[in-house]
Amino acid sequence: MIGNAAPESDVSLERTERQTEALVVIVDDDVSVRESLAALVSSAGWQVLTFASARAFLDQPRSSRPGCLVLDVSLPDLNGLEVQERLSQEKSALPIIFITGRGDVPMSVRAMKAGAIEFLTKPVEADVLLAAITEAVENSVAAIEANSVRERVRDGDAPLTGR
C-alpha cells in the first residue's frame, strides 16, 4: 500500500510537454498495491499503464514515449531484477523504480548498480515515490532528446553548432 496517499501540492510542479506525455508503467501482482499506485500516479498528472505480472509487461511492445517503470521486486513469474536484466538486454532506456516489501541490502545494491533510479520499501511514501517518478521521467526525456539529436547528426539533419 501507500503511506501518505495524498500527494503534496508541490508534487504537481510545472512540467514540460514531454514530461506531461510521460507514461508510468506499474508492474505489481498485488491488485490493491497496483490500483493504489495507479491512482496516486494519475492524480499527479501522469498517464498510467498497469500489469499484474512481469510476463504480461514483457509481452507488450515498448513505448517510445518518455516514462518510467515502477516495478515490484517479488513477482510470481519473474523477479524484478530479472525484468531489469531483460530490459537491459533489449537496450531499453526505461528508468526503473523498484518497490518491495521484502528487500535486502544486497538486492538493492544489485538493482542500483544495474541502473535503477530508486529502491523503495512498502508501504511507499507518496511524496518519495512521486519525487522518484519525476526524476525518472526527467531522465527519460533527456535520454530521448539526446538520442534524437544523435540520430539527426548521424543522418546529417542537424547542425553541429548552435547557430
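A brief structural summary. Remember, predicted model here, so these are calculated numbers, not experimental data.

## So, the nonpolar core
V24, W46, V70, I97, L129 and I133 are the most contacted members of the largest nonpolar core, which has 25 residues in total. Looking at this core, the elements that each hand over two or more residues are β2 (23-27), α2 (31-43), β4 (67-72), β5 (96-100) and α6 (126-154). The leading source of residues in this core is α6, at 8 residues. If you look at the next biggest cluster of nonpolar residues, it comprises 21 residues, including L71, V83, L87 and F119.

## A few points about the pairing of β2
Most of β2 is tucked away, with 5 of its 5 residues classed as buried. Along β2, one buried face is formed by L23, V25 and V27 and the opposite face, lined by V24 and I26, is buried too. Across 5 bridges, the pairing between β2 and strand β3 (residues 47-51) is parallel. Bridge assignment links V25 to a residue of β3, and that residue is L49. Since β2 and β3 lie parallel, the crossover through α2 that links them has a hand, and here it is right-handed. Both β2 and β4 contribute to a ladder of 5 bridges, which runs parallel. Within the sheet, the bridge partner assigned to V25 lies in β4 and is L69.

## Observations concerning the pattern of salt bridges
Here the structure, examined in full by the defined rule, presents 4 salt bridges. In this structure, K122 engages D28 in a salt bridge whose closest nitrogen and oxygen atoms are separated by 3.0 Å. Residue K122 is located in the loop between β6 (118-121) and β7 (124-125), and its partner D28 is located in the loop between β2 and α2; the two are separated by 94 residues in the primary sequence. A relative accessible area of 0% means that D28 is categorised as buried. Of the charged contacts in the structure, one is a salt bridge between D72 and K122, with a shortest N-O distance of 3.5 Å. In this pair, D72 sits in strand β4 while K122 sits in the loop between β6 and β7, placing the two residues 50 residues apart along the sequence. Under the relative-accessibility criterion, D72 is labelled buried at 3%. One network of salt bridges, in which partners are shared, links D28, D72 and K122.

## A look at the environment of A132
Inspection of the secondary structure puts A132 in helix α6. Taking the C-alpha atoms as reference, A132 lies 7.0 Å from I117; in sequence the two are 15 residues apart. In contact with A132, other than residues within four places in its own chain, are I97, I117 and E118.

## A look at the sheet that holds β2
Strand order in the open sheet formed by 5 strands is β3-β2-β4-β5-β6, with parallel pairing between adjacent strands. Strands with a single pairing partner mark the edges of an open sheet, and in this sheet they are β3 and β6. On average, each strand axis in the sheet is tilted by 20 degrees relative to the strand beside it, whichever way the strands run. As paired elements, β5 and β6 share 4 bridges and run parallel to each other. In the strand pairing of β6, I97 is matched with E118.

## Observations regarding the packing of helix α4 (residues 80-89) against helix α5 (residues 105-113)
Running from amino to carboxyl end, α4 crosses α5 at an angle of 15 degrees, the nearest separation of the two axes being 11 Å. The pairing of α4 with α5 is recorded here as roughly parallel in orientation. Considering only the axes of α4 and α5, their crossing is left-handed. Counting all contacts with α4, which are made through L81, Q84 and E85, the residues of α5 involved are M107, R110 and A111.

Here is what the cut-offs are and how they apply
Residues numbered from 1 in each chain as written. Predicted model: local features only at pLDDT ≥ 70, side-chain atom pairs only at ≥ 80, totals over all residues. Heavy atoms only, no water. Core = buried A, V, L, I, M, F, W, Y, C linked by side-chain atoms within 4.5 Å. Buried < 20%, exposed > 50% of the residue type's maximum accessible area, 1.4 Å probe, protein only. Helix = DSSP H or I, 4+ residues; strand = E, 2+ residues; numbered from the N terminus. Pairing = 2+ DSSP bridges. Right-handed = clockwise from strand over helix to strand, strands pointing away. Salt bridge = Lys/Arg side-chain N within 4 Å of Asp/Glu carboxyl O. Contact = heavy atoms within 4.5 Å. Axes fitted to C-alpha atoms, helices over the stretch in contact; angles between N-to-C directions. Parallel < 35°, antiparallel > 145°, perpendicular 65-115°, else oblique. Left-handed = near helix turned anticlockwise from the far one by under 90°.

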